[in-house]
Amino acid sequence: MNRFDLLLNLSGDSLFRRHIIPVPALAQWEGDGPMSREIVLDWPDMGIVELPRAFWVKLVEQLTVTNASMLVFCVGGHGRTGTAIASLMVACGWTSSDAIGWVRAHYCGRAIETDEQEQYIRWIAGEVTEASPKKTRKERRLKRLPF
């Protein structure tokens, strides 16, 4: 990981934060590890992140201006990671269909796992008006079942 200038961590948990100790007198035992340039997004598994197109555009601009390399990852490396990669591609001017197709063909065939993630990429591209597809009450309830 030290080969990268920036980490885009989609798991919600920092790789380098050793402890969170909100007591000033004990702060010396908190702190970051060797890599402090880590963006940690609280992105639910199989879901989407609540960030607009402007975030992805600014991230691409920052990477371009600084000529930085970035590692994008989550826990499984399919849904969130594929969605983030496609979102970055859309921010660079790709259509959502081309970005989704490229990610599945060249990164992972199982990437971008849900309809909601595909819809989010289309929203980032400005092709639809909502980030998440409408679900009926029954569809939302079924998603919560443990099987």
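Look a little higher up for the structure.
Think of each chain on its own: its residues are numbered from 1, step by step along the sequence as written. Per-residue local features are limited, in this predicted model, to residues with pLDDT of at least 70; the limit for side-chain atom pairs, both in listing and counting, is 80 or more; totals at the level of whole chains, interfaces and linings are taken over all residues. Only hydrogens and water are set aside when side-chain values are computed; all heavy atoms of the structure are taken into account.

### Some thoughts on the environment of Ile112
Filter applied, for reference: Secondary structure is summarised from DSSP: a helix means a run of H or I of at least four residues, a strand means a run of E of at least two, and numbering begins at the N terminus for each. Only heavy atoms matter for contacts: two residues are in contact if any of them lie within 4.5 Å across the pair.
Tracing the backbone through its elements, the reader meets Ile112 in the loop between helix H3 (96-107) and helix H4 (115-124). Remark: the alpha-carbon pair of Ile112 and Ile100, spanning 12 residues in sequence, is separated by 7.5 Å. For Ile112, the residues in contact, after removing those within four places along its chain, are His78, Gly79, Gly82, Thr83, Ala86, Ile100, Val103, Arg104, Gln117, Glu118 and Ile121.

### Considering the nonpolar core
What counts is decided by this rule: Here the nonpolar core consists of buried residues drawn from Ala, Val, Leu, Ile, Met, Phe, Trp, Tyr and Cys, with membership extended through side-chain atoms lying within 4.5 Å. The buried label applies to any residue whose accessible area, calculated with a 1.4 Å probe on protein chains only, is under 20% of its type's maximum; exposed applies above 50%, and partly exposed to all values in between.
In this structure, Leu8, Leu10, Trp56, Leu59, Met70, Val72 and Tyr120 are the most contacted members of the largest nonpolar core, which totals 33 residues. Per-element accounting of this core gives the leading share, 7 residues, to helix H2 (residues 79-91).

### What about the environment of Cys108?
Residue position: Cys108 is located in the loop between H3 and H4. Residue contacts for Cys108: discarding those within four places in its chain leaves His78 and Val103.

### Considering the pairing of strand E1 (residues 6-9)
Note the cut-off: Two strands are counted as paired when DSSP detects at least two bridges linking them.
Both faces of E1 are covered, namely the face carrying Leu6 and Leu8 and the face carrying Leu7 and Asn9. Pairing geometry for E1 and strand E3 (residues 70-73), over 4 bridges, is parallel. Within the sheet, the bridge partner assigned to Leu7 lies in E3 and is Leu71. In terms of strand pairing, E1 meets strand E2 (residues 38-40) through 3 bridges, oriented parallel. Looking at the pairing, Asn9 lines up with Val40 of E2.

### A few points about the sheet that holds E1
This is how the line gets drawn: A fitted line through C-alpha atoms represents every axis, and for helices the fit uses only the stretch in contact; the resulting angles, taken between N-to-C directions, go from 0 to 180 degrees.
Read across the sheet, 3 strands follow the order E2-E1-E3 without closing on themselves; strand pairing throughout is parallel. Each edge of the sheet is formed by a strand with only one pairing partner; in this case those strands are E2 and E3. Going across the sheet, the axis of each strand differs from the next one's by a mean of 15°, ignoring polarity. Packing against the sheet, helix H1 (residues 53-66) makes contact with E1, E2 and E3, and its axis sits at approximately 160° to E1. The strands touched by H2 within the sheet are E1 and E3, with E3 carrying the most contacts at an inclination of about 135°.

Any functional reading would require information beyond the geometric quantities listed.
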